[in-house]
Amino acid sequence: MTEQRKPRVVADTPLADTVLELMDNRVELLPWDVALEGCDDPVDGLYTYGHLEVDGSVMDRLSGLKVISNFGVGVDHINVQDARDRGIPVGNTPNVLNGATADMALTLMLASGRRLVEGDCYARSAEFTYYDPGYMLGREIHSETVGIVGMGRIGLEVARRCAAFNMNILYYNRRERTDLPPELNATYTSFDDLLTESDYVVLVCPLTDETRGLIGAEQLSKMKQTAILINIARGGVVDTDALTNALKNCEIYHAGLDVTEPEPLPRGHELLSLSNVTIAPHLGSATEQTRFKMAELSVENLMLGLAGEPLRTTV
Ligand code: NAP
């Protein structure tokens, strides 16, 4: 009797140990080069772990491709229309990361408003010799106005946390939501009103052709000089040069960025030299618990797709 071959899966590596354990040797893993160069033998699945580009040309190089499973909810690196045209389902990991990503948005709001990173450096330095009630005054969070751009799954979790800080909540989506919990008292506004009225502008929309460069020089100039910009979405939603200029000229108070464009920023980039920006290396969903749930869901989607069954979560 001939042994059935394992499904062949091209994966973006290095894969985390958890992902490998969950795959449990059920697939034959092939290196990402195969996606770039193609191969003569059929490839059954594609597992995307980072942000390598997956478009129709990649899909066409992998004959027999049945599924693309993404570790993460954002799929700006995958041409979903190309996959749809070829009848290939694309799985992602929504919902399981809402809480962790929203927590990170609040972490950046608090750290930016209260100048935590600057304060940490100062507390460790030789310059800290006495407590001065006049130094390093920040901006309040409680009772201030937050403007959420992208009131989706994660945006709603950000709003819940802001409500607990007694914040006044504004939001902007392309469509008003009618299903928001009334206790949030969230007000749907125009994008311009959100920019001019918010003390914290939180970006949590997907990166699409429409949202690329959504925050540029013009939008930054509409924000309050005391406002704080938080980007937990994707770096490309903000024009990096415009933001650098606005921070340099103190046109806004501070920026808290989980994501940048490019990512990482080149080591000599001017943004890295400014004290009124706090940058995290894309840590939105990076907790042990959430990353485990993302691994479980993405591997489950992969295995379902390889078996020709509907995925648990598709884009
Ligand atoms: P979601 O539930 O689909 O929510 C996205 C929201 O953005 C929707 O409410 C949508 O409303 C709105 N939106 C879409 N296009 C818009 C536009 N042109 N202008 C204004 N609003 C727009 O997605 P999610 O699960 O909350 O995730 C959102 C994004 O967060 C992901 O795509 C990903 O890029 C990012 N993310 C980042 C991290 C991280 O580690 N930093 C982690 C997870 C997710 P309308 O359709 O009504 O406009």
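For the structure, see preceding data.
About the criteria used
- Residues numbered from 1 in each chain as written.
- Predicted model: local features only at pLDDT ≥ 70, side-chain atom pairs only at ≥ 80, totals over all residues.
- Heavy atoms only, no water.
- Phe/Tyr/Trp six-rings, centres within 6.5 Å; stacked < 30°, edge-to-face > 60°.
- Near = heavy atom within 4 Å.
- Polar contact = N/O pair within 3.5 Å; in protein donor to acceptor, adjacent residues only side chain to side chain.
- Areas by Shrake-Rupley, 256 points an atom, 1.4 Å probe, with all protein chains shown as cover.
- Pairing = 2+ DSSP bridges.
- Helix = DSSP H or I, 4+ residues; strand = E, 2+ residues; numbered from the N terminus.
- Core = buried A, V, L, I, M, F, W, Y, C linked by side-chain atoms within 4.5 Å.
- Buried < 20%, exposed > 50% of the residue type's maximum accessible area, 1.4 Å probe, protein only.
- Domains from an automatic or database assignment.
- Contact = heavy atoms within 4.5 Å.

Engineer: I'd like to hear about the packing of aromatic side chains, residue by residue, with values.
Structural biologist: How two aromatic rings sit relative to each other is given by the distance of their centres and the angle of their planes. Taken as a whole and assessed by the stated rule, the structure comprises 8 aromatic pairs. Ring plane angle 45° and centroid distance 5.6 Å describe the contact between Tyr122 and Phe128, whose orientation is recorded as tilted. One aromatic cluster in this structure is built from Tyr122, Phe128, Tyr131 and Tyr135.

Engineer: Just give me the short version of the site of the ligand, but keep the residues and values in it.
Structural biologist: The environment of the ligand is formed by 26 residues, the closest being Arg153, Arg174, Arg175, Ile232 and Asp258. Taking Arg174, its side chain carries an N or O atom lying 2.7 Å from an oxygen atom of the ligand. Within the complex, 89% of the 920 Å² of free accessible area of the ligand lies under protein.

Engineer: Before we move on, could you go through the sheet that holds strand 5 (residues 90-91) and cite the residues and values that matter?
Structural biologist: Backbone hydrogen bonds are what pair the strands of a sheet, in a parallel or an antiparallel way. With respect to topology, 5 strands assemble into an open sheet ordered 2-1-3-4-5, the strand pairing being parallel. Pairing within the sheet leaves two strands with one partner each, and these edge strands are strand 2 (28-30) and strand 5. Pairing of strand 4 (residues 67-70) with strand 5 involves 2 bridges; the strand directions are parallel. The partner of Ser69 across the bridge, within strand 5, is Gly91.

Engineer: A description of the nonpolar core should follow, citing residues and the corresponding values.
Structural biologist: Counting 45 residues, the largest nonpolar core has Tyr47, Met109, Val146, Ile148 and Val158 as its most contacted members. Ranked by residue count, the leading element in this core is helix 11 (residues 288-306), at 7 residues. Shared between two domains, this core holds at least three residues of each, these being domain 1 (8-95 + 289-306) and domain 2 (98-279). Apart from the residues within four sequence positions on either side, Val158 is in contact with Ala102, Ala105, Leu106, Ile148 and Val202.

Engineer: An account of the sheet that holds strand 10 (residues 228-231) is requested, with residue identities and associated values reported.
Structural biologist: The strand order across the open sheet built from 7 strands is 8-7-6-9-10-11-12, with neighbouring strands paired in parallel fashion. Edge strands, defined here as strands with exactly one partner in the open sheet, are strand 8 (187-188) and strand 12 (277-279). Inspection of the sheet shows strand 9 (residues 200-203) paired to strand 10 by 4 bridges, in the parallel sense. The partner of Val201 across the bridge, within strand 10, is Leu229.

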